[in-house]
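# Survey of secondary and tertiary structure
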Amino acid sequence: MKTEPPIEIEEDEIICNCFQITENTIRYHILKNDINQVEDVTSACEAGGNCGSCHILIQLFIDQNKHQKKLEQVLEQPVSKPKNHNRSFWKKLLPSS
Ligand code: FES
């Protein structure tokens, strides 16, 4: 049986080739400064400040950060006790005589 070579994944890949800025650096600035626009990433670390071909990935990281924050907000909300819907359900189904 022929085995395929393992896929090598770089942990900190260069995203912006123009300025040699890595994914971790971009994510760090997005998280630290709560960045919502590619231009703000460029201001923080230069990524995206030249040809623009990395903008789509920078926007992806921004969107992932937003999604993560929303998820954390939802998980932090206390779970409210459900109202006793079962009781009213049974009352409707089996009215007392
Ligand atoms: S690759 Fe990022 S600006 Fe060119």
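Residues numbered from 1 in each chain as written. Predicted model: local features only at pLDDT ≥ 70, side-chain atom pairs only at ≥ 80, totals over all residues.

## Description of unusual backbone geometry
- With a phi close to 55 degrees, Gln20 is a non-glycine residue in the positive phi region.
- Turning to its location among the elements, Gln20 is positioned in the loop between β1 (14-16) and β2 (21-22). (Helix = DSSP H or I, 4+ residues; strand = E, 2+ residues; numbered from the N terminus.)

## Some words on the packing of helix α1 (residues 23-33) against helix α3 (residues 55-76)
- The N-to-C vectors of α1 and α3 enclose an angle of 45 degrees; their axes lie 10 Å apart at closest approach. Here α1 lies oblique to α3, going by the angle between them. By crossing handedness, the relation of α1 to α3 is classed as right-handed. On α3, the residues touching Ile26, Arg27, Ile30 and Leu31 of α1 are Ile58, Phe61, Ile62 and Asn65.
- The class makeup of the residues in the contact of α1 with α3 is six nonpolar, one polar and one charged. (Axes fitted to C-alpha atoms, helices over the stretch in contact; angles between N-to-C directions. Parallel < 35°, antiparallel > 145°, perpendicular 65-115°, else oblique. Left-handed = near helix turned anticlockwise from the far one by under 90°. Contact = placed C-beta atoms within 7 Å. Nonpolar A, V, L, I, M, F, W, Y, C, P; charged D, E, K, R; others polar.)

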